[in-house]
2 protein chains.
Amino acid sequence: MMFTDGDLRALQATLEAEIPITGAIGLRVAGFEAGALMLAAPLAPNINHKDTAFAGSLNAVLTLAGWSMLWLIARRAGIPAKVVIQDSAIRYLRPVAQDFAAECSLPERAELDRFLLMLRRKGRARMELAAEIRADGELKVAFSGRYVVQPS
Amino acid sequence: MMFTDGDLRALQATLEAEIPITGAIGLRVAGFEAGALMLAAPLAPNINHKDTAFAGSLNAVLTLAGWSMLWLIARRAGIPAKVVIQDSAIRYLRPVAQDFAAECSLPERAELDRFLLMLRRKGRARMELAAEIRADGELKVAFSGRYVVQPS
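Remember, predicted model here, so these are calculated numbers, not experimental data. Per chain, residues are indexed from 1 in the order of the written sequence. Whichever chain is written first becomes A and whichever ligand is written first becomes 1, with later ones labelled in order. Local features in this predicted model are restricted to residues whose pLDDT is 70 or higher, and side-chain atom pairs enter the listing and the counts only when it is 80 or higher, whereas totals over whole chains, interfaces and linings include all residues.

Digging into the nonpolar core
Remark: nonpolar core denotes a set of buried Ala, Val, Leu, Ile, Met, Phe, Trp, Tyr and Cys residues whose joining runs through C-beta atoms within 7 Å. The exposure label follows from counting other C-beta atoms within 10 Å of a residue's C-beta, where the C-beta atoms are placed from the backbone and the thresholds are 20 or more for buried and 12 or fewer for exposed, leaving partly exposed in between. Judged by nonpolar contacts, the single largest core of 94 residues is most densely connected at Val61(A) and Val61(B). Setting aside anything within four residues of it in sequence, one finds Val61(A) in contact with Ile25(A), Leu27(A), Leu39(A), Ala41(A) and Ala102(A). Once C-beta atoms are placed from the backbone, any two residues with those atoms within 7 Å are in contact.

Looking at the sheet that holds strand S1 (residues 28-33) of chain B
Strand pairing is defined by DSSP finding a minimum of two bridges between the two strands. Runs of E in the DSSP output that reach at least two residues are strands. Runs of H or I that reach at least four are helices, and both are numbered from the N terminus. One open sheet accounts for 12 strands, arranged S1(A)-S2(A)-S4(A)-S5(A)-S6(A)-S3(A)-S3(B)-S6(B)-S5(B)-S4(B)-S2(B)-S1(B); its pairing is antiparallel. Edge positions in the sheet fall to strand S1 (28-33) of chain A together with S1 of chain B, since each has one partner strand and no second. Direction aside, neighbouring strands of the sheet carry axes that sit 25 degrees apart on average. Judged from the two bridges that link them, strand S4 (residues 100-105) of chain A and strand S5 (residues 125-135) of chain A form a sheet pairing that is antiparallel. In the sheet register, Glu103(A) faces S5(A), and the bridge partner there is Glu132(A). Here an axis means a line fitted to C-alpha atoms, over the contact stretch when the element is a helix, while the angle between two N-to-C directions is reported on a 0 to 180 degree scale. Across the sheet, helix H3 (residues 55-76) of chain B lies against strand S3 (81-92) of chain A together with strand S2 (36-41), strand S3 (81-92), strand S4 (100-105), strand S5 (125-135) and strand S6 (138-151) of chain B, angled at about 140 degrees from S3(B), the strand it touches most.

Here's the deal with the packing of helix H3 (residues 55-76) of chain A against H3(B)
Axis separation between H3(A) and H3(B) bottoms out at 8 Å; the angle between their running directions is 155 degrees. Here H3(A) lies roughly antiparallel to H3(B), going by the angle between them. Between H3(A) and H3(B) the crossing geometry is right-handed. Every residue of H3(B) that contacts H3(A) at Ala55(A), Gly56(A), Asn59(A), Ala60(A), Thr63(A) and Leu64(A) is listed here: Ala55(B), Gly56(B), Asn59(B), Ala60(B), Thr63(B) and Leu64(B). Split by residue class, the contact of H3(A) with H3(B) holds six nonpolar, six polar and no charged. Oblique is the label for any angle not under 35 degrees, not over 145, and not in the 65 to 115 range, which are roughly parallel, roughly antiparallel and roughly perpendicular in turn. Put simply, a crossing is left-handed when the front helix is turned counterclockwise from the back one by less than a right angle, and right-handed when it is turned clockwise. Note on residue categories: nonpolar means Ala, Val, Leu, Ile, Met, Phe, Trp, Tyr, Cys or Pro, charged means Asp, Glu, Lys or Arg, and polar means any other residue, Gly included.

What follows is the structure, given as structure tokens:
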């Protein structure tokens, strides 16, 4: 499964329209390359007391990276869907002292097929997705979230 | 341990000055009652595609509730400290369709004593804190975070 520039522009427009706090975060759909979706944000509006990125902003961008991956998958499959996060866990391993991007990889083909089959058959499907923030060749933040998707 | 109105005003000023995205969230230190600190936020700036509160905003306010509790404890103990979150887990149990508040309870006395002893002796102490968002008599979001505190 591949996402087009049109898909990414539609995602950006949807995030801006439906989750307005993404404007304050400065969230930008930065691309889809080598099977990974990238959501980027500048450090400045997300700065904290240690001049690094605020944990809440990091979590928000990671949460949206998983959310966006499922939104794109459903769109590409021709099933306009609502995506909701059920739970997540996050480890803030190292401070993020620069503009950052959350990366979420497309699930394996078999998992994707199972997910779309469930969505079509049951009208509801779950998926657990990992996402991460890397910089300076290091893993800075590791995230895992469980989402549920229903046709809208 | 009790926090005064002066402590809560200092906390509000610190959040505003050091974590500017709290302004976009509309975060407000709402009070300390019956051993629980309340951080509130309006729904409007934090709305999502389902007209309920965006998960990232809920997580941010809960993350800051635990952070604020430790900041207040260190301040009251006369140890100006830097507080950093290490990891957290969150369950979005029910949608939050109204203005909301995250609640974090003061730790038990024995745990508080152990924490302050470590902070004074080792110059570094950890604490795990739970926080939650309740409304309509229901638990909406359950959060747990591990924090590390060092004198600043």
